Amino acid sequence: MIFYDAPVSGNTYKVRLLLRQLAIPHQVVRIDLLKGEARTDEFRRINPFGRVPFIVDGDFSLGESNAILLHLARGSRLLPDDARLQALIQQWMFFEQNQLELAIGIPLIQQKIGGPQSTIDYYRPRAISGLKVLERHLATRTFLVGESYSVADISLFAYTHRAPQAGHSLEEQPSVREWIARVRGQRDFIEFE
Ligand SMILES: N[C@@H](CCC(=O)N[C@@H](CS)C(=O)NCC(=O)O)C(=O)O
């Protein structure tokens, strides 16, 4: 299996973490996003989305970080068989894409490259409301679903733990901070570079 990876991306970090924790053999192809390597005709012939992460396994290829996590985790300890637990895991992964990925990810990049404050301000209410939902949910739970670590935790961890660098201190989210520490304590955990 080939994994198209870019170290700067939180979405690719999700897949890097899962590949390590499930010890799935793979080959890495690094894409330099800052040089525009995801936008070349050559890359788009392999991956019509022109984005990473992306995997190619023989004649099967797949984009979207959360779809990749769900596919690769099938049958493993990170994705329970129970249909309702799976539905709840998917619920949180859809929430991540809708409420947190861009709302934290875009300001994160803007802070890094010194982008306009207006972009950061635009995403702020969405990020804050997403973090509040997460705090309320985690106040009475160890992990997002079923009291055990799953792909939902990997998915939401990637951008949530970078919230302070995107301008959200997490001071008002103690349960989120404790959950972040629990995710970091998982076997074969690796940091987002
Ligand atoms: N929703 C997608 C988003 C993928 C995405 O936007 N990837 C960014 C990096 S985080 C990318 O490849 N951008 C292409 C570019 O900047 O040229 C996912 O979860 O995988």
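Here is a short report on the structure shown in this document.

Describing the nonpolar core
Residues Leu18, Leu144, Val151 and Trp179 are the most contacted members of the largest nonpolar core, which totals 50 residues. Listing elements by their share of this core, those giving two or more residues are α1 (10-21), α3 (65-73), α4 (83-113), α5 (117-138), α6 (151-160) and α7 (174-184). At 8 residues, the largest contribution of residues to this core is made by α4. Core analysis: the next-biggest nonpolar cluster, separate from the first, contains 8 residues, Ala6, Ile31, Ala38 and Phe54 among them.

Observations concerning the packing of aromatic side chains
In the structure shown here, the tally under the stated rule is 9 aromatic pairs. Between tyrosine 13 and phenylalanine 192, the ring centres sit 5.1 Å apart and the planes meet at 20 degrees, which makes this aromatic pair stacked. One end of the pair, tyrosine 13, is in helix α1; the other, phenylalanine 192, is in the segment after α7, with 179 residues separating them in the sequence. The pair tyrosine 13 / phenylalanine 192 is uniform in exposure class, with both members buried. Members of the aromatic cluster, connected to one another through ring pairs, are Tyr13, Phe157, Trp179, Phe189 and Phe192.

Quick look at the sheet that holds strand β3 (residues 54-57)
The 4 strands are arranged β2-β1-β3-β4 in an open sheet whose pairing can be described as mixed. Lying at the two open borders of the sheet, with one neighbouring strand each, are β2 (27-30) and β4 (60-63). Pairs of neighbouring strands in the sheet enclose a mean axial angle of 20 degrees, with direction left out of account. Note: strand β1 (residues 2-5) against β3, 3 bridges, orientation antiparallel. For isoleucine 2, the partnering residue across the bridge sits in β3 and is valine 56. The sheet strands contacting α3 are β3 and β4, and the helix crosses β4 at an angle near 130 degrees.

Points about the site of the ligand
In the vicinity of the ligand there are 14 residues, among which Arg39, Val52, Glu64, Ser65 and Gln97 approach most closely. A distance of 2.9 Å separates an oxygen atom of the ligand from a polar side-chain atom of arginine 51. Here serine 65 contributes a side-chain N or O atom positioned 2.6 Å from an oxygen atom of the ligand. About the coverage of the ligand: the protein hides 83% of its 510 Å² of free accessible area. Taken together, the residues of the shell around the ligand break down into 5 nonpolar, 5 polar and 4 charged.

Calculation notes
Residues numbered from 1 in each chain as written. Predicted model: local features only at pLDDT ≥ 70, side-chain atom pairs only at ≥ 80, totals over all residues. Heavy atoms only, no water. Core = buried A, V, L, I, M, F, W, Y, C linked by side-chain atoms within 4.5 Å. Buried < 20%, exposed > 50% of the residue type's maximum accessible area, 1.4 Å probe, protein only. Helix = DSSP H or I, 4+ residues; strand = E, 2+ residues; numbered from the N terminus. Phe/Tyr/Trp six-rings, centres within 6.5 Å; stacked < 30°, edge-to-face > 60°. Pairing = 2+ DSSP bridges. Axes fitted to C-alpha atoms, helices over the stretch in contact; angles between N-to-C directions. Contact = heavy atoms within 4.5 Å. Near = heavy atom within 4 Å. Polar contact = N/O pair within 3.5 Å; in protein donor to acceptor, adjacent residues only side chain to side chain. Areas by Shrake-Rupley, 256 points an atom, 1.4 Å probe, with all protein chains shown as cover. Nonpolar A, V, L, I, M, F, W, Y, C, P; charged D, E, K, R; others polar.

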